[in-house]
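Secondary and tertiary structure notes
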Amino acid sequence: MTTAIQLLIGLIMLTACTKSNLTDNENTLEPVVLDTSLRNLSPFPFGAAVNVGLLKNNNNYRQLVVREFNSLTPENAMKTRFIHPQQDTYAWADADYLVDFADEHNMRVHGHTLVWYKNLPDWIINFQGDSIAWEQLFRSHIQTVVSRYKGRIGSWDVVNEALNNEGTGMRPSLWLTKLGPDYIARAFQYAHDADPDALLFYNDYGNEYGPTKRNAIINLVKGLKDAGVPIHGVGMQMHTRVNREDQFHASAITNTATETGLLIHIAELDIAVNPDNNPDLVFTETLAAQQAQKYGHIVETFTGINTNQRFGITTWNVTDGDSWIPGTYNRPDWPLPFDASYQRKPAYDSIIAVFE
Ligand code: 9MR
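Note that the structure is a prediction, hence the values are computed from the model and not measured. Within any chain, residue numbers begin from 1 and follow the written order of that chain's sequence. At least 70 in pLDDT is required for a residue's local features to be given in this predicted model, at least 80 for side-chain atom pairs to be given and counted, and no such filter applies to totals for whole chains, interfaces and linings, which use all residues. Heavy atoms from the whole structure form the basis of all side-chain values; hydrogens and water molecules are not counted.

Throughout this description, the term salt bridge denotes a Lys or Arg side-chain nitrogen within 4 Å of a carboxyl oxygen of Asp or Glu. As enumerated under the stated definition, the model contains 12 salt bridges in all. Among the salt bridges present, the one from D94 reaches K56, with a minimum N-O distance of 3.0 Å. Separated by 38 residues along the polypeptide, D94 in helix α6 (residues 93-104) and K56 in helix α3 (residues 52-57) bring together distant segments of the chain. Note on exposure labels: buried denotes an accessible area under 20% of the residue type's maximum, exposed denotes more than 50%, and partly exposed covers the range between, all computed with a 1.4 Å probe on protein chains only. Owing to a relative accessible area of 34%, D94 belongs among the partly exposed residues under this scheme. Judged by its relative accessible area of 36%, K56 falls in the partly exposed class. A salt bridge links E135 to R186; its shortest N-O distance comes to 2.7 Å. Strands are runs of DSSP state E lasting at least 2 residues, helices are runs of H or I lasting at least 4, and numbering of each runs from the N terminus.

And the structure:
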């Protein structure tokens, strides 16, 4: 609503300028810049997870990203399978493109992700070696990637999703099997040794499911911090849904912030409107309004935490047209603040309204 009013005011000003300029001097017509954007209005960095192929090849996508965001997370380009496809080969091109693009447009890059149980290349899955060789592989991957972007990437998701869904223990993973549970602490130390200035995050999902998963995350992070491990922040992914009650989002954000005292990144925000996988669902105005209310509440709650803990908010993808959700769950969905035609949705207006 606020954006609509601003646009209207802009239009009236444009009309006024045009008229007076035409009378005074036809050549001094200046375009009116309507600079409402997430990056301009948000008091903390506002970002998106981006697809490098779309950044390179899709003008609408690129222009929207440039206009709205000042923080970028690579959706896939820095995952181990892509960036380190063979033991002796790193594939830097997409990651380099993203970092150059961010520099050019005055954005920060948040690196994602150094250590994950998923998206491992076959050479790691099939690797044969003793514990020293595994440790060497692990350390070398982390340090090679962090070192390449030292001074250019200021923050990293060091370990992603190490806890199980229920929050009852660690998730089974190759890293756990080969390196033991302390692989998490060692990953942070290795990353820190490679770039002592980088801010290092533990990233996971389900802080908003309820206290069990949330406390598992908080306890893991506090344990690392208390042991002197260089950890600076918590990424809460926040892949949530329109029918989750506000109190779950509120306690995820405020409890995690208060209890860890670390930087908080809402790192992968999206709000699904079709969590029950209805193949025929239509995105109605009612659904759009419900989604807008959820976005507004989450952004407002985050805005209310300690200023020095607000690392930022990142949406996972840019528009409904490039969201990971429809493809992954094989259903229609509209989880983001921009529609598939690159237009701002009510969810967008509701985020902006928090900042005004
Ligand atoms: O959006 C990503 C999708 O394109 C990939 O196929 C998938 C597997 O690598 O990962 C998705 O991103 C995930 C992120 O890296 C970690 N948290 C959950 C995200 C959604 O699955």
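Attention now goes to the site of the ligand. Throughout this document, a residue counts as near a molecule or strand when at least one of its heavy atoms sits within 4 Å of that molecule or strand. Around the ligand there are 13 residues in total, and E75, K79, H112, N119 and E268 lie nearest to it. Between an oxygen atom of the ligand and a side-chain N or O atom of W316, the distance comes to 2.9 Å. The fraction of the free accessible surface of the ligand (450 Å²) that becomes covered by protein chains is 77%. Detection works on a 1 Å grid of protein atoms alone, calling trapped sets that fit a 1.4 Å probe cavities and calling open sets with protein on both sides within 12 Å along at least five of seven lines pockets, with lining residues defined by an atom within 4 Å of a point. Pocket occupancy is defined atom-wise: a molecule lies in a cavity or pocket when more than half of its atoms are within 2 Å of its grid points. At a threshold of 2 Å from the grid points, most atoms of the ligand map onto the largest pocket. Think of a polar contact as two N or O atoms within 3.5 Å of one another; within protein, one of them needs to be a possible hydrogen donor and the other a possible acceptor, and neighboring residues in sequence only count if both atoms come from side chains. Using a 1.4 Å probe, accessible areas were evaluated by the Shrake-Rupley method; residue-level cover was limited to the displayed protein chains.

Turning next to the pairing of strand β6 (residues 233-236). Every regular strand shows the same layout, with side chains that alternate between the two sheet faces. Side chains of β6 alternate between two faces, with G233 and G235 and V234 and M236 buried alike. DSSP-based pairing: two strands are paired if at least 2 bridges between them are found. Of the pairings in the sheet, the one linking strand β5 (residues 199-204) to β6 comprises four bridges and is parallel in character. Residue pairing across strands places D204 opposite M236, the latter belonging to β6. Handedness of the β-α-β unit built from β5, helix α11 (residues 211-226) and β6 comes out right-handed. Sheet topology places β6 next to strand β8 (residues 263-272); four bridges connect them, and they run parallel. Orient the strands so they point away from the viewer; a crossover is then right-handed if the path from the first strand over the helix to the second runs clockwise.

Within the secondary structure layout, T260 lies in helix α12 (residues 246-260). What makes T260 buried here is its relative accessible area of 2%. Sequence-distant contacts of T260, defined by excluding residues within four places in its chain, comprise I218, V221, K222, K225, V234 and N255. Contact criterion: two residues are considered in contact whenever any of their non-hydrogen atoms come within 4.5 Å of each other.

What follows is about α6. A helix is expected to span 1.5 Å for every residue after the first. With 12 residues, α6 extends 16 Å between its outermost C-alpha atoms, agreeing within 8% with the 16 Å of an ideal straight helix rising 1.5 Å per residue. Directly after α6, the chain includes N106, whose backbone phi takes a positive value near 60°.

Of all six residues making up strand β9 (residues 310-315), six are buried, and the element is well covered by its neighbours. Strand direction decides the pairing type here: strand β1 (residues 46-50) and β9, joined by three bridges, are parallel. Within β9, the position partnered with G47 by the bridge is T314. In this sheet, β9 lies alongside β8 in parallel orientation, the contact comprising four bridges. Bridge pairing in β9 places I266 opposite I313. For the crossover that starts at β8, traverses helix α13 (residues 285-303) and ends in the parallel β9, the hand is right-handed.

This next bit is on empty space enclosed by the protein. Grid points are joined across faces, edges and corners, and a volume is the space filled by probe spheres set on the points. Counted under the stated rule, the structure contains two cavities of 30 Å³ or more. Lining the largest cavity, in full, are T80, L114, V115, I124, L137, F138, H141, I142 and W175. Within the residue set of the lining of the largest cavity, elements represented by two or more residues are β3 (108-116) and α8 (131-148). Among the elements that make up the lining of the largest cavity, the one with the highest residue count is α8 (four residues). Note on residue classes: Ala, Val, Leu, Ile, Met, Phe, Trp, Tyr, Cys and Pro are nonpolar, Asp, Glu, Lys and Arg are charged, and everything else, Gly too, is polar. Class assignment of the residues belonging to the lining of the largest cavity gives a composition of seven nonpolar, two polar and no charged. Size it by volume and the second largest cavity reaches roughly 30 Å³. Taken together, V115, W116, Y117, N160, E161, A162, R171, S173, W175 and Y183 form the lining of the second largest cavity. Its residues assigned to classes, the lining of the second largest cavity comprises six nonpolar, two polar and two charged.

Let's shift gears to the environment of N60. For N60, the location among the structural elements is in helix α4 (residues 59-68). On the basis of relative accessible area, N60 is assigned to the partly exposed category, the value being 44%. C-alpha of N60 to C-alpha of S341: the two residues are 281 residues apart in sequence and 8.6 Å apart in space.

Turning our eyes to something else, we now look at the layout of surface pockets. Where empty space is left in the structure can be found by rolling a water-sized probe over the atoms. Quantified by volume, the largest pocket comes out at close to 650 Å³. For the largest pocket, the lining is made up of 29 residues, of which Y205, Q237, H239, W324 and Y329 are closest to its centre. When contributions to the lining of the largest pocket are tallied by element, the ones reaching two or more residues are β3, β7 (239-241), β8 and α14 (324-329). Looking at the lining of the largest pocket residue by residue, the class counts come to 10 nonpolar, nine polar and 10 charged.

On the secondary structure map, P43 appears in the loop between α2 (38-41) and β1. P43 gets classed as partly exposed once you look at its relative accessible area, which sits at 47%. Sequence-wise, P43 and Y190 are 147 residues apart; in three dimensions their C-alpha atoms are separated by 32 Å.

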